[in-house]
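Each chain, written out:
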Amino acid sequence: MEVLQASQVQVMGIDAGGTMTDTFFVREDGRFVVGKAQSNPADESLAIFNSSQDALAHWERDVDQVYPELVTCVYSGTAMLNRVVQRKGLDVGLICNRGFEQVHSMGRAIQSYLGYALEDRIHLNTHRYDEPLVPLSRTRGVTERTDVQGEIVIPLREAEVRQATRELVQAGAKAIVICLLQSHKNGTSEKRARDVCRDELAELDIDIPVFASVDYYPSRKESHRMNTTVLEAYAAEPSRQTLKKVSDRFRKHGAKFDLRVMATHGGTISWKAKELARTIVSGPIGGVIGSKLLGEALGYENVACSDIGGTSFDMALITKGNFAIVSDPDMARLVLSLPLVAMDSVGAGAGSFVRLDPYSGAIKLGPDSAGYRVGTCWPESGLDTVSVSDCHVVLGYLNPHNFLGGAIKLDVERARQHIKVQLADPLGLSVEDAAAGVIELLDQNLREYLRANISAKGYNAADFVCFSYGGAGPVHTYGYTEGAGFKDVVVPAWAAGFSAFGCACADFEYRYDKSVDIAVPQIAPDSQKAAACNTIQEAWQELAAKVVEEFVINGFKPEDVILRPGYRMQYMGQLNDLEITSPIGSAATPEDWNRIVEAFENTYSRVYASSARSPELGFSVTGAIMRGLVATQKPVLPEDPEEGETPPAEARLGTRPFYRGKKWVDAVLWKMEALKPGNHITGPAIIESDATTFVVPDGFETRLDKHRLFHLAEVK
């Protein structure tokens, strides 16, 4: 047994998913443990506490000893996104331009078919709008007009703002959002409307927050900007109360750190941050950040990230050591104006419900899921619809007595009966073949989804290493990577807490963006290049002030902040811009412009191809970006000496019947924590830990390296 308190615990990462809540603790010496507990939508702080206790038990410690030692803690979760999907947010009032009151409800029309499959996108009769976050009954228009050049052509009628404020309060608004046309070009009218609204609320002696889009997201595209600012009031403010509850529980157990939250752009921000809507989706992003750090440590430039949880399969690509950021993504069927790590998701995970299509008789997976209730195999779940997890249990993939370390006992026979009635009998199959068919279908869907995403971007899977993680990742790794041709397939021993690990790897970073409009031909006079640089520099200075202000709120000095400017750029005439980290700290001269262009063209060549460059069209800068970060403690990879190919005898747990390829075989069971670096295992085998199960079927082999990473390969 190692010395249990050899060094203090410094870093904690949290991934509060829809099914499980994972925690990840790192000691000063780089050692780490992973904890898992069922998620608790009613009280996330309790699920985090339970997961923490589960993790720290491995070191024979508890939260009262460890929380006071922690230097930093990063949270990621889906609570805010769920709040939007379920329409359980704050009652918000909206003030916009008179005549444009329907803009939010219309959602550029694209919101009527976002997230649909192609066959439903192309038929109008399948389109539908979700309920808007702000109904028309709490929307008011005021007279004002700023044109596309930023000129105020109709001044703001302040009396109308006062009247609108009073009416929205009477209509029950608990927050007011102000979003006027072209305010990203000239924010004068919107800022004045904000001040008048606050003044009127003070006269009414009513204390509710006011959100002006120019203070949060001064970006082009009115629907995107309006949705994102509404989101700040509708979902972020209630989520702040959830995070406060989490923070308070930490404090109750002696914690001294300030809780940080994973943001959509891949950095972390304080839960007290002004722009909290940036944390709307954070769990899957943690995995991408962790993959980037792991890839850098191992020398992998191209990584395909694949994350399977209970509810979804999320994937992202890291190319030449970098991941892409999209500036106007959609989420929860809303178009948004947020920088978001480019990811693709499909609603199929280990908890997905399995049904037969009543018309075709085909197996349908999801998109709804059992979530934290696992499946019918858990007698206390209250469920009677089969889930993918039920199929796992019936086929021998999962140990019914060691799910969540034995905290939940699963009933194999109960799962068999439900599969028999709902799937096997209607299909004329045995229970095992029906369950195996479900797993094969899911694996095939995921494999094609992964391969299509790689080839659609012009890449070859043979140039990529695939990282497989998430609680259900190791169960399916062999299935969705088989025949895909990856250079290597890597499963971390801490796969179940990998997103939480990624959160702990992330920088403490604030980011602000601003739309700009700069067009410069390929061959331009020096004066035009210098003018373009001045416009970029002014935007950087404005954004830098906002970034530094956020850090000062968190107790840092301005000199502690490392500023990293960036920009979004495209060839003139093209539709898509790219995000570029600036090669220069400030912009002023024609030479600076040339370096800005060179960095863009190099990135363009990496993302697309050198032959696709179109400099003859000229260059357009569409946005300015400022990131600021401060130094934080991060985890380091473990490094143990290799101890030979043969696993130690104490790692072997026996055998368990395992069904695949229409036959039962005895799979050798191994205890994951007892395996040593260098150990080599040939399938059929099942490697178990309390938090996850790694399946190595017949025809596959795996090797554990010195960093406790499993490398899975097909036996030639």
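The structure reproduced in this document is the subject of the present report. From a predicted model like this one, the values you see are computed outputs, not experimental measurements. (Residues numbered from 1 in each chain as written. Predicted model: local features only at pLDDT ≥ 70, side-chain atom pairs only at ≥ 80, totals over all residues. Heavy atoms only, no water.)

Comments concerning the packing of helix α1 (residues 44–56) against helix α9 (residues 222–252)
Any two packed helices are characterised by how steeply their axes cross, that is the angle between the axes, and by the distance between the axes.
Here is step 1: The contact between α1 and α9 brings their axes to 8 Å, and the two run at 40°. The angle between the axes of α1 and α9 places the two elements in the oblique class. Remark: the crossing between α1 and α9 carries right-handed chirality. Every residue of α9 that contacts α1 at Glu44, Ser45, Leu46, Ile48 and Phe49 is listed here: Thr242, Lys245, Val246, Arg249 and Phe250. (Axes fitted to C-alpha atoms, helices over the stretch in contact; angles between N-to-C directions. Helix = DSSP H or I, 4+ residues; strand = E, 2+ residues; numbered from the N terminus. Parallel < 35°, antiparallel > 145°, perpendicular 65-115°, else oblique. Left-handed = near helix turned anticlockwise from the far one by under 90°. Contact = heavy atoms within 4.5 Å.)

So, the pattern of salt bridges
Here is step 1: For the structure shown, the criterion picks out 39 salt bridges.
Here is step 2: Among the salt bridges present, the one from Lys420 reaches Asp425, with a minimum N-O distance of 3.0 Å.
Here is step 3: Residue Lys420 is classed as partly exposed on the basis of its relative accessible area of 34%.
Here is step 4: Across the salt bridge formed by Arg451 and Glu448, the nearest N and O atoms sit 2.9 Å from each other. (Salt bridge = Lys/Arg side-chain N within 4 Å of Asp/Glu carboxyl O. Buried < 20%, exposed > 50% of the residue type's maximum accessible area, 1.4 Å probe, protein only.)

Considerations on the pairing of strand β21 (residues 352–356)
Here is step 1: The pairing of β21 with strand β22 (residues 363–369) spans four bridges and is antiparallel. Its bridge partner being in β22, Arg355 is matched across the sheet by Lys364.
Here is step 2: Where β21 folds back on β22, the antiparallel hairpin that results is connected by six residues, among which Gly361 adopts a positive phi of roughly 75°. (Pairing = 2+ DSSP bridges.)

Considerations on the packing of aromatic side chains
Two descriptors summarise a pair of aromatic rings, namely the distance from one centre to the other and the angle between the planes of the rings.
Here is step 1: Here the structure, examined in full by the defined rule, presents 29 aromatic pairs.
Here is step 2: Note on Tyr478 and Phe700: the rings are 5.8 Å apart at their centroids and 70° apart in plane angle, and the pair reads as edge-to-face. A residue pair is termed long-range when its members are at least 10 positions apart, and Tyr478 in helix α14 (residues 473–481) and Phe700 in strand β34 (residues 700–704) qualify at 222 residues.
Here is step 3: You can call Tyr478 buried: its relative accessible area is 3%.
Here is step 4: Grouping aromatic residues by their ring pairs yields a cluster made of Phe24, Phe32, Tyr469, Trp494, Phe498 and Phe501.
Here is step 5: A cation over a ring is seen here: Arg27 above Trp59, with NZ or CZ 4.8 Å from the ring centre.
Here is step 6: Over the face of the ring belonging to Tyr512 we find Arg278, whose NZ or CZ atom lies 5.9 Å from the ring centre. (Phe/Tyr/Trp six-rings, centres within 6.5 Å; stacked < 30°, edge-to-face > 60°. Lys NZ or Arg CZ within 6 Å of the ring centre and 35° of its normal.)

Thoughts on the packing of helix α12 (residues 412–427) against helix α13 (residues 431–456)
Here is step 1: Contact geometry for α12 and α13: axes closest at 9 Å, N-to-C directions at 75°. As summarised for this structure, α12 and α13 are arranged roughly perpendicular, according to the angle between their axes. Side by side, α12 and α13 meet where Arg416, Ile419, Lys420, Leu423 and Ala424 of the first sit next to Val431, Glu432, Ala434, Ala435 and Val438 of the second.

Here we look at the sheet that holds strand β10 (residues 210–212)
Here is step 1: Taken together, the four strands give an open sheet; going across it, the order is β6-β5-β9-β10, and neighbouring strands pair in parallel fashion. Every interior strand has two partners, whereas the edge strands, β6 (139–142) and β10, have only one. Each strand axis lies, on average, 20° off the axis of its neighbour in the sheet, ignoring direction.
Here is step 2: Summarising the sheet, strand β5 (residues 92–97) and strand β9 (residues 175–178) pair through four bridges and their orientation is parallel. Directly across from Ile95, in β9, lies its bridge partner Ile178.
Here is step 3: Relative to the sheet, helix α6 (residues 158–170) contacts β5, β6 and β9, its axis offset from that of β6 by approximately 175°.

A few points about the pairing of strand β35 (residues 709–714)
Here is step 1: In this structure, strand β24 (residues 488–492) lies alongside β35, joined through four bridges in antiparallel fashion. The residue of β35 that forms the bridge with Val491 is Phe710.
Here is step 2: Sheet topology places β34 next to β35; five bridges connect them, and they run antiparallel. Each bridged residue has a counterpart across the sheet, and for Phe700 the counterpart in β35 is Glu714.

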